[in-house]
Amino acid sequence: MSRKRLQQLVEALGRSARHFNKGEVECLVRLFDALVAGPGARPAAVGFDRSTFRDTLHGAFGMTDDMILDRVFRTFDRDNDSCISVVEWVEGLSVFLRGTLEERIKYCFEVYDLNGDGYISREEMFQMLKNSLLKQPSEEDPDEGIKDLIDIVLKKMDYDHDGKLSFMDFEKAVRDEYLLLEAFGPCLPDIKSSMAFEQKTFRDVRKL
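Being a predicted model, the structure only gives us computed values, none of them experimental.

Looking at helix α6 (residues 101-112)
- Counted at 1.5 Å a residue, the expected span for α6 with its 12 residues is 16 Å, and the 16 Å between its end C-alpha atoms agrees.
- Of the residues making up α6, those classed as buried are E103, R104, I105, Y107, C108, F109, V111 and Y112.
- The secondary structure elements touched by the buried residues of α6 are α4 (66-76), α5 (86-98), β1 (119-120), α7 (122-132), β2 (165-166) and α9 (167-176).

Dropping the structure here:
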């Protein structure tokens, strides 16, 4: 990438990815270029495909749940072209690593709203919980246990009692009890891995 193009990108992203300073944005752009040019990447690729993105999040943050990783990919991929551009990468990481509570609530809700209809339905909860809970060998039917768990979740989070979670339900529940933010599966990095990623990535930050 030319120096001029890099400076233009850093200027633009310094405004839109507001949780990073310009030096940090430049480091993220350079990391993006290195990952896109890495082994197995498509020549002259304009961004990450799903597998590069998944490998990156798995390597950096230990995220292993394929269903959740696929949803995180779609949440980063704002223009739905199945490719993460450098702008989507930096703006996505701004919320992923340093988002305000409001931004994180919106992000988690988008991840969990599997079909994008503005609600987290019983079926979506079932899919995600079945996928993320450890399979326990037991006499009982695990599906029944998950259905019981969904009943408990709805009792706690479904304020308008319509059998599904709207964004308002989700937001109110999380503001009352922060631990509910990732109720349906881990879609944000833990503090340890995000700090390690930042230290490694921003080690060479130059104040621009």
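What follows continues from the structure just given.
Description of the packing of helix α1 (residues 3-16) against α5
- Orientation of α1 relative to α5, taken along the N-to-C sense of each, is 35 degrees, at an axis distance of 10 Å. Crossing geometry of α1 relative to α5 is assigned as right-handed. The residues of α5 that touch α1, namely those facing L9, L13 and S16, are V86, V87, V90 and E91.
- Of the residues assigned to the contact of α1 with α5, the class counts are 5 nonpolar, 1 polar and 1 charged.

Some details on unusual backbone geometry
- The phi torsion at N80 lies on the positive side, around 55 degrees, for a residue other than glycine.
- Its place among the elements puts N80 in the loop between α4 and α5.
- Of note in the backbone geometry, H161 takes a positive phi value of approximately 50 degrees without being a glycine.
- A residue is classified by how much of its surface remains accessible, and H161, at 69% relative accessible area, is exposed.

Some details on the packing of aromatic side chains
- Evaluated as defined, the whole model comprises 14 aromatic pairs.
- A centroid spacing of 5.4 Å and a plane angle of 85 degrees characterise the contact between F109 and F167, whose relative ring orientation is edge-to-face. A residue pair is termed long-range when its members are at least 10 positions apart, and F109 in helix α6 and F167 in helix α9 qualify at 58 residues.
- On the accessibility criterion, F109 (6% relative accessible area) is buried.
- Here the aromatic cluster, defined as three or more aromatic residues joined through ring pairs, consists of F53, F61, F73, F76, F96, Y107 and F197.
- A cation over a ring is seen here: K164 above Y119, with NZ or CZ 4.0 Å from the ring centre.

Conventions we followed
- Residues numbered from 1 in each chain as written.
- Predicted model: local features only at pLDDT ≥ 70, side-chain atom pairs only at ≥ 80, totals over all residues.
- Heavy atoms only, no water.
- Helix = DSSP H or I, 4+ residues; strand = E, 2+ residues; numbered from the N terminus.
- Expected span 1.5 Å × (residues − 1).
- Buried < 20%, exposed > 50% of the residue type's maximum accessible area, 1.4 Å probe, protein only.
- Contact = heavy atoms within 4.5 Å.
- Axes fitted to C-alpha atoms, helices over the stretch in contact; angles between N-to-C directions.
- Left-handed = near helix turned anticlockwise from the far one by under 90°.
- Nonpolar A, V, L, I, M, F, W, Y, C, P; charged D, E, K, R; others polar.
- Phe/Tyr/Trp six-rings, centres within 6.5 Å; stacked < 30°, edge-to-face > 60°.
- Lys NZ or Arg CZ within 6 Å of the ring centre and 35° of its normal.

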